[in-house]
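The primary structure of each chain is shown beneath.
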2 protein chains.
Amino acid sequence: MTPDAIVVFAHGARDPEWARPIERLAALIAARAPGTRVRCAYLELMQPSLAEAVDGLAAEGVRSVRIVPAFIGAGGHLKRDLPLAVAALRAKHPRLAIELASHIGESEAALAAIAEVFAR
Amino acid sequence: MTPDAIVVFAHGARDPEWARPIERLAALIAARAPGTRVRCAYLELMQPSLAEAVDGLAAEGVRSVRIVPAFIGAGGHLKRDLPLAVAALRAKHPRLAIELASHIGESEAALAAIAEVFAR
């Protein structure tokens, strides 16, 4: 079931243009999930942080949120830091159902779709 | 037209597991492009480098190669360093046609496919 909100969570970078594909991905998700609030959030160097985004959604009265990590490879940030951050957010917002989705590189469907585009 | 070879080019990381989704993406591309050699290459912290991968393909007699940058956001590495590296490889291998594909985050088709997976 589609949650009330989806947060596309990406690494972030110094160059403001870096975020454009992340914002575009969020817009494409929003177009496919009418009625769902879709936000971007960043690990570092860009705003808002994941906690800021989730706090904001909770304050808006959202009851369920899916976090979609826009990462292909999974290093320490995803394997250690993100589950800890999600656990802290669940403790802070006990009435908010927070789902941590597979990251893009872990999703066979996403990888297959990407492969389809680049194998042509 | 599908080239003789495709190189999936990713950032790289210290954790060897980081590369698994990149290798999986390469395998999925290979399954969709029979007869095309598909290799991985990394910017840093992992082997082979892009130059090593392309040199190897040229030594095998490949005539055309597509480089697919497995990046979602595009920072300085993609915007400055990669075009320079590709120019150097073209100068080094004048008989090899080297195509630099859009990176994943720049491909509307790839982003739409990813959105489809995560909007459910």
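Residues numbered from 1 in each chain as written. Chains lettered and ligands numbered in written order. Predicted model: local features only at pLDDT ≥ 70, side-chain atom pairs only at ≥ 80, totals over all residues. Heavy atoms only, no water.

Asker: For this particular structure, what's the right way to read the pattern of salt bridges?
Answerer: Note that side chains of opposite charge can pair when their charged atoms are close. If you walk through the whole model with that rule in mind, you get 18 salt bridges over all chains. When the shortest N-O distance is used, the salt bridge between Arg39(A) and Glu60(A) registers 3.1 Å. Pair noted here: Arg39(A) is in strand E2 (residues 37-42) and Glu60(A) is in the loop between helix H2 (50-59) and strand E3 (64-69), with a separation of 21 residues, a long-range link. A salt bridge links Glu60(B) to Arg37(B); the nearest nitrogen and oxygen atoms lie 2.5 Å apart. Taken together, the positions of Glu60(B) in the loop between helix H2 (50-59) and strand E3 (64-69) and Arg37(B) in strand E2 (residues 37-42) put the pair 23 residues apart, joining distant regions of the chain. Residue class for Arg37(B) comes out partly exposed when judged on its relative accessible area of 35%. One network of salt bridges, with partners in common, ties together Asp15(A), Glu17(A), Arg20(A) and Lys79(B). (Salt bridge = Lys/Arg side-chain N within 4 Å of Asp/Glu carboxyl O. Helix = DSSP H or I, 4+ residues; strand = E, 2+ residues; numbered from the N terminus. Buried < 20%, exposed > 50% of the residue type's maximum accessible area, 1.4 Å probe, protein only.)

Asker: For this particular structure, what's the right way to read the side chain of Ser107(A)?
Answerer: By the element assignment, Ser107(A) lies in the loop between strand E4 (97-100) and helix H4 (108-118). Within the structure, Ser107(A) has its side chain in polar contact with the backbone nitrogen of Ala110(A) (distance 3.0 Å). Those residues in contact with Ser107(A), other than ones at most four positions away along the chain, are Val117(B) and Phe118(B). (Polar contact = N/O pair within 3.5 Å; in protein donor to acceptor, adjacent residues only side chain to side chain. Contact = heavy atoms within 4.5 Å.)

Asker: Where do I start with the packing of H2(B) against helix H3 (residues 76-92) of chain B in this structure?
Answerer: Any two packed helices are characterised by how steeply their axes cross, that is the angle between the axes, and by the distance between the axes. All names here are of chain B. Their axes nearest at 11 Å, the elements H2 and H3 cross at an angle of 25°. Here H2 lies roughly parallel to H3, going by the angle between them. Relative to H3, H2 is oriented so that their crossing is right-handed. Judged by residue contacts, Leu-50, Ala-51, Val-54 and Asp-55 of H2 engage Leu-82, Leu-89 and Lys-92 from H3. Here the contact of H2 with H3 is built from residues that sort into five nonpolar, no polar and two charged. (Axes fitted to C-alpha atoms, helices over the stretch in contact; angles between N-to-C directions. Parallel < 35°, antiparallel > 145°, perpendicular 65-115°, else oblique. Left-handed = near helix turned anticlockwise from the far one by under 90°. Nonpolar A, V, L, I, M, F, W, Y, C, P; charged D, E, K, R; others polar.)

Asker: Sorry if this is basic, but what is going on with the pairing of E2(A) here?
Answerer: Residues in a regular strand point their side chains to alternate faces of the sheet. Residue and element names in this part refer to chain A. With six bridges joining them, strand E1 (residues 5-10) and E2 adopt parallel strand pairing. Its bridge partner lying in E2, Ala-10 is registered against Tyr-42. In the classification by handedness, the crossover that spans E1, the intervening helix H1 (residues 20-32) and the parallel E2 is right-handed. (Pairing = 2+ DSSP bridges. Right-handed = clockwise from strand over helix to strand, strands pointing away.)

Asker: For this particular structure, what's the right way to read the relation of the copies chain B and chain A?
Answerer: The relation between the two copies of this chain is a rotation about an axis and a shift parallel to it. It takes a turn of 180° to lay chain B on chain A, together with a shift of 0.0 Å along the axis; the resulting RMSD is 0.0 Å. Such a combination of rotation and displacement between the chain copies is what one expects of a two-fold axis. Every residue of chain B has its C-alpha some distance from the rotation axis, and the shortest such distance is that of Ala113(B), at 2.8 Å. Take the interface residues of chain B: 100% of them recur as interface residues in chain A, which is what a same-surface contact looks like. (Least-squares fit on C-alpha atoms with pLDDT ≥ 70 in both.)

Asker: How should I be thinking about H3(B) in this particular structure?
Answerer: Since there are 3.6 residues in each turn of an α-helix, residues three or four apart along the chain are aligned in direction. All names here are of chain B. An ideal rise of 1.5 Å per residue puts 24 Å on 17 residues; H3 measures up with 23 Å between its terminal C-alpha atoms. Approximately 35° is the largest bend angle found in H3, and it occurs at Leu-82, with the proline Pro-83 only one to four residues beyond. Against strand E1 (5-10), H2, E3 and strand E4 (97-100) lie the buried residues of H3. (Expected span 1.5 Å × (residues − 1). Bend = angle between axes of the 7 residues up to and from the residue.)

Asker: Where do I start with unusual backbone geometry in this structure?
Answerer: Note: most peptide bonds trans; most residues except glycine with negative phi. Residues and elements named next belong to chain A. A cis amide bond, omega -5°, links Gln-47 with the succeeding residue Pro-48. The topology assignment puts Pro-48 in the loop between E2 and H2. Located in the positive-phi region is Leu-45, a residue other than glycine, with phi close to 70°. As for its position among the elements, Leu-45 is in the loop between E2 and H2. Taking the relative accessible area as the measure of exposure, Leu-45 reaches 48% and is therefore partly exposed.

Asker: What is the right way to read the interface of chain B and chain A from this model?
Answerer: Frequently, the measure chosen for interface size is the accessible area removed from exposure when the parts meet. Taken residue by residue, the interface counts 42 residues in chain B and 42 residues in chain A. Taking both sides of the interface into account, the surface hidden between chain B and chain A amounts to around 3400 Å²; carbon and sulfur atoms contribute 68%. Ranking the residues of chain B by area buried against chain A places Arg32(B), Ile72(B) and Phe118(B) at the top, with a combined share of 21%. Taking the shortest distance from any N to any O, the salt bridge between Glu108(A) and Arg24(B) comes out at 2.5 Å. At the surface where chain B touches chain A, the tally comes to twelve residue pairs in polar contact (both at pLDDT 80 or more). Of all elements in the fold, only helix H1 (20-32), E3 and helix H4 (108-118) of chain B reach the threshold of two or more residues within the side of chain B that touches chain A. Sorting elements by how many residues they give to the side of chain B that touches chain A places H4(B) first, with eleven residues. For the side of chain B that touches chain A, the class distribution of residues is 26 nonpolar, seven polar and nine charged. (Buried area = accessible area lost by both parts, 1.4 Å probe.)

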